[in-house]
Structure formats: C-alpha cells, structure tokens
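What follows is each chain in one-letter form.
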Amino acid sequence: MMKGDFPVGEFAGRKTPFYFYDLPLLERTLDAVRREIKDRPLWKVHYAVKANANPEILKRIAAAGLGADCVSGGEVRMAFEAGFAPSSIVYAGVGKSDEEIAYALDIGIERFNVESTAELLVIEEMAAKMGKEAPVSLRVNPDIGAHTHANITTGLAENKFGIYHGDLEEVISLALACPHIRFKGLHFHIGSQILDMADFVALCNRINDLTARLERKRLPAGDLNVGGGLGVNYFHPNHLPIADFKSYFNTFKRHLILRPGQALHFELGRSIVAPCGSLICRVLYVKQGTTRQFAILDGSMTELIRPALYHAYHRIENLTSDEPEQLYDVVGPVCESSDVFDKGVSLDACRRGDFIAIRTAGAYGESMASTYNGRPLPGSFFFE
Ligand SMILES: *Cc1c(COP(=O)(O)O)cnc(C)c1O
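Residues numbered from 1 in each chain as written. Predicted model: local features only at pLDDT ≥ 70, side-chain atom pairs only at ≥ 80, totals over all residues. Heavy atoms only, no water.

Describing the packing of helix α3 (residues 73-82) against helix α4 (residues 98-107)
Going by this rule: To obtain an axis, a line is fitted to C-alpha atoms, over the contacting stretch when the element is a helix, and the angle between two such axes runs from 0 to 180 degrees between their N-to-C directions. Per the convention used, a helix needs a DSSP run of H or I reaching at least four residues, while a strand needs a run of E reaching at least two, with both numbered from the N terminus. Angles are sorted into four bins: roughly parallel if under 35 degrees, roughly antiparallel if over 145, roughly perpendicular if 65 to 115, and oblique for all others. The hand of a helix crossing depends on one turn: near helix anticlockwise from the far one by less than a right angle means left-handed, and clockwise means right-handed. Should any heavy atoms of two residues lie within 4.5 Å, those residues are considered in contact.
Remark: α3 packs on α4, axes separated minimally by 9 Å, with the N-to-C direction vectors making an angle of 30 degrees. Relative to α4, the element α3 is oriented roughly parallel. For the pair α3 and α4, the sense of crossing is left-handed. Of the residues in α4, those touching α3 at G73, G74, V76, R77 and F80 are E100, Y103 and I107.

Some remarks on the domain arrangement of the protein
Spelled out, the test is: Where each domain begins and ends follows an automated or database-derived domain assignment. Note: buried area is the sum, over both parts, of the accessible area (probe 1.4 Å) each one loses when the two are combined. Each polar contact in these results corresponds to two N or O atoms within 3.5 Å; when the atoms are within protein, one needs to be able to donate a hydrogen and the other to accept it, and residues that are neighboring in sequence are counted only if both atoms are side-chain atoms.
Along its sequence, the protein is organised into domain 1 (3-18 + 275-383) and domain 2 (40-268). Its C-alpha centre places domain 1 at a distance of 34 Å from the equivalent point of domain 2. Between domain 1 and domain 2, the residue contacts involve 18 residues of the former and 18 residues of the latter. Interface area for domain 1 against domain 2, summed over the two sides, is near 1,600 Å², with a carbon-plus-sulfur share of 56%. For the pair domain 1 and domain 2, the interface holds eight residue pairs in polar contact (both at pLDDT 80 or more). Sorting the residues of the side of domain 1 that touches domain 2 by element identifies α10 (306-310) and β17 (379-383) as the ones contributing at least two each.

Describing the site of the ligand
Convention followed: Any residue with a non-hydrogen atom lying within 4 Å of a molecule or strand is treated as near it. Areas reported as accessible are Shrake-Rupley estimates using a 1.4 Å probe. Residue values count occlusion only from the protein chains shown. When residues are sorted by character, Ala, Val, Leu, Ile, Met, Phe, Trp, Tyr, Cys and Pro go into the nonpolar class, Asp, Glu, Lys and Arg into the charged class, and all the rest, Gly among them, into the polar class.
Within the structure, the ligand sits among 15 residues, and K50, S192, E267, R270 and Y364 are positioned closest to it. Here an oxygen atom of the ligand and a backbone polar atom of G229 are 2.9 Å apart. The separation between an oxygen atom of the ligand and a polar side-chain atom of Y364 is 2.5 Å. Here the ligand, which alone exposes 390 Å², has 95% of that area covered by the protein. Split by residue class, the shell around the ligand holds four nonpolar, six polar and five charged.

Some remarks on the nonpolar core
This is how the line gets drawn: Among buried residues, those of type Ala, Val, Leu, Ile, Met, Phe, Trp, Tyr and Cys that are joined through side-chain atoms within 4.5 Å constitute a nonpolar core. Exposure classes here rest on a 1.4 Å probe applied to the protein chains alone. A residue is buried below 20% of its type maximum, exposed above 50%, and partly exposed in between.
In terms of nonpolar packing, the biggest core is built from 104 residues, with F112 and F252 touching the most fellow members. Both domain 1 (3-18 + 275-383) and domain 2 (40-268) contribute no fewer than three residues apiece to this core.

Here you go:
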C-alpha cells in the first residue's frame, strides 16, 4: 500500500497509536504461500502465532488452511479459540509448564516439539497419568548460525533451544521406549529475518547428514519440520510487499532429501504478517534541538519495541503532509533513551496532529506490546 492509499479520512477521531492491518495484502501473501506448495500434499505450513496473535489475524490465517505453531500454552489456547483445528497445532518451547502440557494433551494437539530429555520424561509421565498418547517431534539444535542479529539466532550449539545433534540417537531411542510417547519426527528452527538462502541450504545439508546417519543406525527420523525464519524487505514496503516465498520453498525442493511418504512442515511467522501491518501514530510535537529536530510521536517502544530492542529498521512515512521533506529524529514519549524509531529520517514536513505510518510492523509488533509507563495497549484497524 502506497502512502496515498491509506484511508487517512477514516483515521480522524480514532485513538492513536493503533495497528493498521491491510487484510487484502495478508490474503495475497497467504495465496503466494499456498501457490508454492500446492503440488506437495505432504508439505504443510504452520503459522508462528508469536509473530502476531491478534484474533482477527489468526482467524484469517486459520481460514486460509494453515496450521499453527505455538510457543506457550497461552498461544495454543489463542490458536484453538481462533479456529485452528487442534490437529493442526504444534507446540515448541524450552520451558513448557505442567499446566501447559496438560492443556495441550487435553485438546489433542498435532504434536509437541520437545526440546530436552527432561521435558520428554515429564510429557511421558503426564500422558500416562491422563491415559493419553503424546505425539512428539524432537527439536534438534543443528548448530548452524543464521546471518542475522545475535538475539534472533536460535540454532547454535550453545543455545537454550533444542537437543544437541550429537545426542539425537540416544534421545530418539528413549522416546521410542516411552509407552505414552508417539515419536513423530524431527524439528529445527535456525533463526529469524533470514534473507540469505545459503543459511537454509546449510540447514538442508545438516538435516540430510542427520537423517542418513539415523538410517545407518536403523533409527527412524519420522517427518521433518524446518521451522521458520524467512525474512522480509523492511526497506521497500511499497515495491516488495510479499516475501520471496518462491526462493524459500525452492531451496527446500532442491536441497532437502525427503523419503517417500515423509512429510515436511514449515513454521513461518514474520514473512506472513510483517508486511500487512503499520503502526499509525500522530505527531504530538515538533521540537527543535540545537543541531537536530525531533518528531515526537504518541506511539512508542511499548507498541513497537523492535527498533529499541534490536536497532531494527522500519520505513516511516508522513501520511498527512505533502510539504517538502525535512530531517527528523522520530521518537516516542516513553522515559527511555532507546525509545527512538529512527534518527535523521527524511519526512514530508511534520506538524502537530499529522498521521505517521511506521511500516512493516505486522510481525513482533502488537504481539510484543507492553503497558510500560502505564501506557494502554494499542488498538487495531482492519482495512478490508
Ligand atoms: C519464532 C519461531 C518461528 C517463526 O519465526 P519467523 O522468523 O517469524 O518466521 C518458527 N518456529 C519456532 C519454533 C519459533 O520459535
């Protein structure tokens, strides 16, 4: 959506900041995903709920036929309530509590992605107590570093996520010996905002080595889940609004060796929802510093923490003004010096009350919002 396409007339009288969701773009994105896998009946995409758990967004994604990938019992519940069939919900996380495991067993999720031996034994014990069989994939730490920010790399050996790949034989054997565990496969996830397909090629190569090693030892690998992590273009939301799903899925078509009947699952979060969301704020004040000027917005790091947390870039646009551009440090009102969306941004000249869009904010935006500084959570606006 270009600057001029935002329905700014409908924003008047609305409380800012709020999340604006371009639902036709979300639908086009979901179509693009489906198109790439439509000739692969054993391939399934689970949407990573943590990227955006807004009930309306979840409802649309469930209706498009994707499964859900959850990282807490709360997310399992949100996915279930939004219409995802329990048989399409997978659940990862290094610290699943007893209540969370019991809830997931009770509604009958598709599988647990188990991250340690200790967790496997607790799930076995709880399934036994409840008279259930727990479907389990083992999350393997593939020891691959995605070329992305250190805080969003998850696949390195010394990382809290997953089972060390050298221990895999032992843990599969243990899972097979547990009477209430049904061993279903292997799960991987190497990080987020990955744009270099070489990182996914490295993952495929590592999985090929592992499954060949298991085959030699006559152990099953089950089906494969390669996690998520496909990145989006934060710089050109107007010209490249849909992630490069073709290159992503082609990488797995070309490089991952699948056995006949072996299913392949994906868990995409950011690439599905990031482009369709913008955080809409108003300019509260334009403040002249000695060498810079500040556009002080009513939106802040409590609605969108990515710039403060990872120095993430988001394109910023003034939706109201068409006056000649000036440079601004775009900041929020929260009492933290990291509450800065970006510095030295060229914006059409700002005045108090102008609507500002912070683009590509649909992933890890609303879902990470907090009430720090006593701020209310942001509302949402669905553009149909
Ligand atoms: C966060 C997460 C994902 C989704 O990652 P994106 O980068 O948003 O695609 C997938 N799987 C697991 C296990 C995750 O924790």
